[in-house]
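Listed here are the chains, written in short residue letters.
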Amino acid sequence: MARQPRVHREHWIVASAVLILIAFVLWQKLPQKPQARGAAAQVVRVMKATRGDMPVILNELGTVTPTATVTVMPNQAVSGYLVDVPFQEGQDVQKGQVLAEIDPRPFQAALDQATGTLQRDQGLLDEAKMDLVRFQRLTKLDSIARQQTEDQAYLVKQDEGTVKLDQAAVDTAKLNLSYCRITSPVAGRAGLRLVDPGNYITGSSSTGIAVITTIKPTTVEFTVAQNDLQKVVERFRTAGVKLPVTAYTSDGNKQLATGTLYAINNQMTTSTGTVTLRAAFANDDEALFPNEFVNVRLLVDTLHQAVLVPTAAVLSGAPGDYVYLVNKDNTASVRKVTLGPSDGQNTVITSGLAAGDTVVIDGTDRLSDGAKIRVAAAPGQQASPASAAPPD
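Residues numbered from 1 in each chain as written. Predicted model: local features only at pLDDT ≥ 70, side-chain atom pairs only at ≥ 80, totals over all residues. Heavy atoms only, no water.

Overview of the overall build of the chain
Then, in step 1: Scanning the chain for helices and strands turns up 5 helices and 23 strands.
Then, in step 2: Within the span of the chain, comprising 392 residues, buried residues form 33% of the whole.
Then, in step 3: The long-range fraction of contacts in the chain, counting pairs at least 24 apart against all pairs at least 6 apart in sequence, stands at 75%.
Then, in step 4: On the chain, roughly 24,100 Å² of surface is accessible, and the fraction owed to carbon and sulfur atoms is 53%. (Helix = DSSP H or I, 4+ residues; strand = E, 2+ residues; numbered from the N terminus. Buried < 20%, exposed > 50% of the residue type's maximum accessible area, 1.4 Å probe, protein only. Contact = heavy atoms within 4.5 Å. Areas by Shrake-Rupley, 256 points an atom, 1.4 Å probe, with all protein chains shown as cover.)

Topic: the nonpolar core
Then, in step 1: Leu82, Phe87, Ile102, Ile182, Ile201, Ile209 and Ile212 are the most contacted members of the largest nonpolar core, which has 31 residues in total.
Then, in step 2: When residues of this core are traced back to their parent elements, those giving at least two are strand E6 (98-102), helix H3 (105-140), helix H4 (146-179) and strand E10 (210-213).
Then, in step 3: Ranked by residue count, the leading element in this core is H3, at 7 residues.
Then, in step 4: Residues within four places of Phe87 in sequence aside, it is in contact with Leu99, Ala190, Gly191, Arg193, Ile209 and Ala210.
Then, in step 5: The next biggest cluster of nonpolar side chains, apart from the first, holds 24 residues, and it includes Val56, Val233, Leu277 and Val294. (Core = buried A, V, L, I, M, F, W, Y, C linked by side-chain atoms within 4.5 Å.)

Focus: the environment of His304
Then, in step 1: With respect to the helices and strands, the residue His304 is situated in strand E15 (residues 293-310).
Then, in step 2: Counting along the chain gives 252 residues from His304 to Gly52, while the straight-line C-alpha distance between them is 6.3 Å.
Then, in step 3: Residues in contact with His304, not counting those within four places in the same chain, are Gly52 and Asp53.

Here's the deal with the pattern of salt bridges
Think of it this way: side chains of opposite charge can pair up when their charged atoms draw near.
Then, in step 1: Counted under the stated rule, the structure contains 12 salt bridges.
Then, in step 2: Note that Asp121 is salt-bridged to Arg120, the shortest N-O span being 3.2 Å.
Then, in step 3: According to the relative accessible area criterion, Asp121 is buried, its value standing at 7%.
Then, in step 4: Classification of Arg120 as exposed rests on a relative accessible area of 53%.
Then, in step 5: Its salt-bridge partner being Asp131, residue Arg134 comes within 2.7 Å of it at the nearest N-O pair. Taken together, the residues span about one helical turn, with Arg134 and Asp131 both in helix H3 at a distance of 3 residues.
Then, in step 6: Linked through salt bridges whose partners overlap, the residues forming this network are Asp92, Arg189, Lys216 and Glu286. (Salt bridge = Lys/Arg side-chain N within 4 Å of Asp/Glu carboxyl O.)

Focus on the sheet that holds E6
Then, in step 1: Spatial strand order, E7-E6-E4-E9: 4 strands in an open sheet with antiparallel pairing. Here the strands that pair on one side only, and so sit at the sheet edges, are strand E7 (181-183) and strand E9 (200-201). (Pairing = 2+ DSSP bridges.)

Section: the pairing of strand E22 (residues 371-375)
Then, in step 1: Here E22 shows one buried face, formed by Ala371, Ile373 and Val375, and one open face, formed by Lys372 and Arg374.
Then, in step 2: In the sheet, strand E1 (residues 42-48) pairs with E22 via 3 bridges, with the strands oriented parallel. By the bridge assignment, Val43 is partnered in E22 with Arg374.
Then, in step 3: As paired elements, strand E18 (residues 331-336) and E22 share 2 bridges and run antiparallel to each other. Its bridge partner lying in E22, Thr331 is registered against Lys372.

Quick look at the packing of aromatic side chains
Then, in step 1: Taken as a whole and assessed by the stated rule, the structure comprises 2 aromatic pairs.
Then, in step 2: Residues Tyr81 and Tyr200 carry aromatic rings whose centres are separated by 5.0 Å and whose planes lie at 75 degrees to one another, so their mutual orientation is edge-to-face. Residue Tyr81 is located in strand E4 (residues 80-84), and its partner Tyr200 is located in strand E9; the two are separated by 119 residues in the primary sequence.
Then, in step 3: With a centroid separation of 5.9 Å and 85 degrees between ring planes, the pair formed by Tyr322 and Tyr324 is classed as edge-to-face. Note on accessibility: Tyr322 and Tyr324 belong to one class, buried.
Then, in step 4: Across from the ring centre of Tyr248, 4.2 Å away, lies the NZ or CZ of Arg297, which sits over that ring. (Phe/Tyr/Trp six-rings, centres within 6.5 Å; stacked < 30°, edge-to-face > 60°. Lys NZ or Arg CZ within 6 Å of the ring centre and 35° of its normal.)

As for H4
Then, in step 1: Between its first and last C-alpha, H4 extends 50 Å over 34 residues, near the 50 Å set by a 1.5 Å rise per residue.
Then, in step 2: Listed in full, the buried residues belonging to H4 are Thr149, Gln152, Val156, Asp159, Val163, Asp166, Val170, Ala173, Asn176 and Leu177.
Then, in step 3: Those residues of H4 that are buried lie in contact with H3 and E7. (Expected span 1.5 Å × (residues − 1).)

Things to note about unusual backbone geometry
Then, in step 1: A cis amide bond links Lys216 to the next residue, Pro217, at an omega of -5 degrees.
Then, in step 2: Residue position: Pro217 is located in the loop between E10 and strand E11 (218-225).
Then, in step 3: A positive phi angle is found at Gln305, which is not glycine, with a value near 55 degrees.
Then, in step 4: Looking at where Gln305 falls in the secondary structure, it is placed in strand E15.

Considering the sheet that holds strand E3 (residues 69-72)
Then, in step 1: The antiparallel open sheet is built from 4 strands, whose spatial order is E3-E10-E8-E5. Strands with a single pairing partner mark the edges of an open sheet, and in this sheet they are E3 and strand E5 (92-93).
Then, in step 2: Bridge count between E5 and strand E8 (residues 188-190): 2 bridges; the pairing is antiparallel. For Val93, the partnering residue across the bridge sits in E8 and is Gly188.

Concerning the pairing of E4
Then, in step 1: Inspection of the sheet shows E4 paired to E9 by 2 bridges, in the antiparallel sense. When the sheet's bridge partners are listed, Tyr81 is paired in E9 with Tyr200.
Then, in step 2: In this sheet, E6 lies alongside E4 in antiparallel orientation, the contact comprising 2 bridges. Paired with Asp84 across the bridge in E6 is Glu101.

So, the environment of Leu155
Then, in step 1: With respect to the secondary-structure elements, Leu155 resides in helix H4.
Then, in step 2: Separated by 27 residues in sequence, Leu155 and Ala128 place their C-alpha atoms 6.9 Å apart.

What follows is the structure, given as structure tokens:
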């Protein structure tokens, strides 16, 4: 009776060992079954590479720069009290229009004095010439000494010099009198008045009367990186080619004006590695305001019949720039490509793909080289193999 419990205990130990061994064998076998089934195909969206035109556009930040900005100043030769400022702030003015007037009375008096001196000396000259003619006649008759005639000739030359000096003084006085009327040197728009009537102004004043700014036509200055400069210069120097430039608001949402590139600076800014360019705009609607910041788009060239793929298909990583190319066996492989210009929606592939090749545009984050794929179906359809990729 004492041995029976002992026998049962030995049986339980053997049975437990057998169960543990079976469990260990099953645990070793189960992980191998999923490997035998293979990895599941990834559902992706694809599109074929096509041929089309791609504009080569440089996007830069620019500043509206007027063709002329002039601070109207009195001439250095005149000083006096300002008696009139006959322009309205913010109005358009023409070249030569009177903007201010200095008290002209002192300068008119100087002109009268110079004119009087000229008239007096002109009379003396006329008298000396008459005497010279008389002396020359008497000299031929041996009635007077030849020396007296020669002295009279020199006196005439002296009086002629005096008259020329007097005439120069009259011209200077007239010029100073004209400077009393301060006019606009350019056509444009007058700014705020910088001095009021009644003030004493001089030519050495740095304040000026007003600032005149040319609104139309106008220009926009912007910079281009040195890496892009060569293709801009080549196109700019091509006979008959005008590079169009479009100006947009600072947020890029609204087009303001269109113009053409007309000047490239002759030096590069070494601190930034850029070159300044200037484009001309008619600005008839005055959409461009002086010193305004704008976004500039310069159309350098247009690539015709280039290989295009959706930008979403282009990836960057260890291989460089690459795409996932769809193979006939419903797999995706990494294809290294060389990129060209892009407009955001499509990108030019200069090498590595041909028109008609199918690339993955969505689901690339789940792929690896050689992965199995299925093409995502349109709504209401079942996913299809990659070999049944939709047409262009």
